[in-house]
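Geometric and topological summary
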Amino acid sequence: MAKNTHRFCFGPWNISEGQDPYGPTTRPAQTFDWKLDQLKARGYDAMMFHDDDAIPDIDGKSWAVISKEAKALKKRLDDAGIAAEMVAPRLWFSPMTVDGAYTSNDPKCRRYAIDRSLRSIDIAKELGTDILVLWLAREGTYLRESKDGRKSVELLVQALDKMLAHDKKIRIAIEPKPNEPMDHAYIPTIGHAIALAHLTRDPKRVGALIESAHCILAGLDPADEIDFAMAFGKLWSLHLNDQNGLKFDQDKPFGSSNLRVAFNQVRAMERNGYGKNGEYICFDVHPFRTTKVDHWLAHLDNSRKTFLRLLEKVRSFDETKSKQLIADRDYQELDQMVIQHLLG
Ligand code: XUL
Ligand code: MN
C-alpha cells in the first residue's frame, strides 16, 4: 500500500444512523465522545465540525457559555491528539433559514444567518482552525421567480464581506452543490465559488471545498474541478465520496460507483500537490441504511483503503508510456492502458 503521506478526517455526521426521507433510523444514536474515540482508534487525524456538532443547541446559548464549551472541546481534542479541520455554520435547520440564509427575502433571517456565521468563526478560532466551510444549502430557489438572482449574488458578497471583516485570519471555503435541498442552487460549481470570491473585500481568503458527489450532481468530472480550483490556489479542503449519477445525494464510499473517476481525482490531487500546505482529505461518506451496528464504521475504513490503493495506482502509472501514446494521438490505447492498470 502507498505510504500514507496524507492526513485524513471525517465529521460526526458521517457516523449517521440511517434515516432517510422515507424511514426512521436503523442504528441507535451514539454520543460525541464515542464518535471521537472511533475517529482516533481508526488513526484519523482531524474532525470536521458543524457549529452545533461542536456546541449543541447553539442558538439558545450566550457567547459566554459557547466559549466555555468550545474551550472544553478544544481540550478534549488536544488530549486525544485530534485537530479540528473546520467549522461550518449549519444554516439549513432553523425556522430562520426556511427561505434561505444569506439570500432570504426576509432581512431578519439574513441577519440571523450572518450572526450565526460570525459565531462559527469565533468557535473556529477557539478550536484552532482558520477554515470556515460554507455549504450554501438553501441559497437558491424552488421557484425562480421568488428571488432575484443578481440581488442574491450581492447578498452573498455582503455576507462574505462581514465574515472577512470579523476576523482577519479566517479563510472561507465554499462547498458548492448544484441542487438538493434546493431545485437550483446559486453557487453550483467551483467556478461560481471562485468568481464570487473575486467580488469580496479580500479574495485571497475566499476559496473552495470540492465534494466528489456534488460535482457529479452538476454533471462535471470531480478531477476537473480539483484541477480548476488548484490552478487558482483555492482548494482548501476536499470531501471525497461517490455518487451514482443524477440521483439523490448519496455520499457513497470513495470509489464505490466509479473507480476510474476516483483514480482521476487522486491523480489530480497528486499532480497539484494537494495536502502539501496541510490540507486534509475528508471523507463525507455515509453508511448504507442497511448497515448493521457491527459494520458501522466500515465505509470510513474502506474509503481510506480505496484512496490509498488508488494512490499506489497513480504513482505506478506509466507516465512515459502515456506521454508517448498522447504524442501519437493513440487515445484508444491510452484508454486500454488505464483500464488494464486499474484491473491489474
Ligand atoms: C451536504 C454536505 C455537507 C457539508 C458540510 O451535501 O456535503 O455535509 O459537507 O456542511
Ligand atoms: Mn460535504
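Further up the page is the structure itself.
Summary of the structure given here. (Residues numbered from 1 in each chain as written. Chains lettered and ligands numbered in written order. Predicted model: local features only at pLDDT ≥ 70, side-chain atom pairs only at ≥ 80, totals over all residues. Heavy atoms only, no water.)

1. Observations concerning the site of ligand 1
For the record, the criterion: The nearness test applies per residue and asks whether one of its heavy atoms lies within 4 Å of the molecule or strand. Polar contacts, as used here, are pairs of N or O atoms within 3.5 Å; protein pairs need one atom able to donate a hydrogen and one able to accept it. Residues neighboring in sequence count only if both atoms are side-chain atoms. Using a 1.4 Å probe, accessible areas were evaluated by the Shrake-Rupley method; residue-level cover was limited to the displayed protein chains. Note that Gly is not counted as nonpolar here; it falls among the polar residues with everything else outside the nonpolar set of Ala, Val, Leu, Ile, Met, Phe, Trp, Tyr, Cys and Pro and the charged set of Asp, Glu, Lys and Arg.
Close to ligand 1 lie Trp13, His50, Trp92, Trp135, Glu175, Lys177, Glu211, His214, His239, Asp249 and Asp284. In the environment of ligand 1, an oxygen atom lies 3.1 Å from a nitrogen or oxygen atom belonging to the side chain of Lys177. Glu211 is positioned such that a nitrogen or oxygen atom in its side chain is 2.8 Å from an oxygen atom of ligand 1. In isolation ligand 1 has 290 Å² of accessible area, and contact with the protein removes 93% of it. Residues belonging to the shell around ligand 1 are distributed by class as follows: three nonpolar, three polar and five charged.

2. What about the pattern of salt bridges?
Heads up, the rule is: Salt bridge, as used here, is a side-chain nitrogen of Lys or Arg placed within 4 Å of a carboxyl oxygen of Asp or Glu. In this text, helices come from DSSP runs of H or I with a minimum length of four residues, and strands from runs of E with a minimum of two, each type numbered from the N-terminal end. Per-residue accessibility, obtained with a 1.4 Å probe over protein chains only, is compared with the maximum for each type, and a residue is labelled buried under 20%, exposed over 50%, and partly exposed between these values.
Applying the stated rule across the entire model yields 26 salt bridges. For the salt bridge of Asp335 with Arg260, the shortest nitrogen-to-oxygen distance reads 2.8 Å. Of this pair, Asp335 sits in helix α12 (residues 331–343) while Arg260 is found in helix α9 (residues 259–272), placing the two residues 75 residues apart along the sequence. What makes Arg260 partly exposed here is its relative accessible area of 30%. Linking Glu319 and Arg267 is a salt bridge whose minimum nitrogen-to-oxygen distance equals 2.9 Å. Residue Glu319 is found in helix α11 (residues 319–327), and its partner Arg267 is found in helix α9; the two are separated by 52 residues along the sequence. For Arg267, a relative accessible area of 18% gives the class buried.

3. A short note on the side chain of Thr129
So the rule is basically this: It only takes one pair of heavy atoms within 4.5 Å for two residues to be counted as in contact.
Looking at the element boundaries, Thr129 is found in the loop between α4 (107–127) and β4 (131–135). A distance of 2.9 Å separates the side chain of Thr129 from the backbone oxygen of Glu85, its partner in a polar contact. With residues near it in sequence (within four places) discarded, Thr129 still touches Ala84, Glu85, Met86, Val87 and Ala124.

4. Let's talk about the coordination of the manganese ion (ligand 2)
In plain terms, the rule: Here a donor is an N, O or S atom found within 2.8 Å of the metal, or within 3.2 Å if the metal is Na, K or Ca; sites may look incomplete because water is not among the atoms. All geometry calls rest on donor angles, where a four-donor set with angles between 85 and 135 degrees is tetrahedral, four- and six-donor sets with opposite donors more than 155 degrees apart and all others between 65 and 115 are square planar and octahedral, and all else is irregular.
Of the protein atoms, only Glu175 (OE), Glu211 (OE), His239 (ND1) and Asp284 (OD) coordinate the manganese ion (ligand 2), at distances of 2.0 to 2.2 Å. Considering all six donor atoms around the manganese ion (ligand 2), the spread of angles at the metal, 79 to 169 degrees, places the coordination shape in the octahedral class. Between the donor residues of the manganese ion (ligand 2), the gaps in sequence give the motif E-x35-E-x27-H-x44-D. One end of the pair, Glu211, is in strand β8 (residues 206–211); the other, Asp284, is in the loop between β10 (281–283) and α10 (298–315), with 73 residues separating them in the sequence.

5. A word on α12
Given 3.6 residues per turn, any residue in an α-helix points the same way as the ones three and four places further on. Stated precisely, the cut-off is as follows: Multiplying 1.5 Å by the residue count of a helix minus one yields the expected span of that helix.
Compared with the 18 Å implied by 1.5 Å per residue over 13 residues, the 18 Å span of α12 between its first and last C-alpha is a close match. The inward-facing, buried residues of α12 contact α9, α10 and α11.

6. Observations regarding unusual backbone geometry
The linkage connecting Glu180 with the following residue, Pro181, adopts the cis geometry, with an omega of 10 degrees. With phi around 50 degrees, Asp251 is a residue other than glycine that occupies positive phi space. Here Asp251 lies in the loop between β9 (235–240) and α9. Relative accessible area serves as the criterion here: at 8%, Asp251 is assigned to the buried category. Unusually for a residue other than glycine, Arg329 sits at a positive phi of about 50 degrees. Tracing the sequence through the fold places Arg329 in the loop between α11 and α12.

7. Let's talk about the pairing of β8
Note the following rule: Think of it this way: DSSP has to see at least two bridges between two strands before they count as a pair.
Of all six residues that make up β8, six are buried, and the element is covered over most of its length. Alignment of β8 against β9, held across four bridges, turns out to be parallel. Residue pairing across strands places Leu209 opposite Ser237, the latter belonging to β9.

8. Observations regarding α11
The distance from a side-chain oxygen at the start of α11 to the backbone nitrogen of Thr320 is 3.3 Å, and the residue carrying that oxygen is Asp318. Directly after α11, the chain includes Arg329, whose backbone phi takes a positive value near 50 degrees.

9. Concerning the environment of Leu160
For Leu160, the location among the structural elements is in helix α5 (residues 149–166). Residue classification places Leu160 among the buried positions, given a relative accessible area of 3%. Distance in space between the C-alpha atoms of Leu160 and Pro181 is 22 Å, their sequence separation being 21 residues. Apart from residues lying up to four places away in sequence, Leu160 is in contact with Leu134, Ile172, Ile174, Leu196 and Thr200.

10. Details of the nonpolar core
The criterion, for reference: Among the buried residues, those of types Ala, Val, Leu, Ile, Met, Phe, Trp, Tyr and Cys that are joined through side-chain atoms within 4.5 Å form a nonpolar core.
Phe49, Tyr102, Met163, Ile174, Phe283 and Phe307 are the most contacted members of the largest nonpolar core, which totals 83 residues. Leave out the neighbours within four places in its chain, and Phe307 touches His6, Phe8, Leu240, Phe254, Val266, Met269, Ile281 and Phe283.

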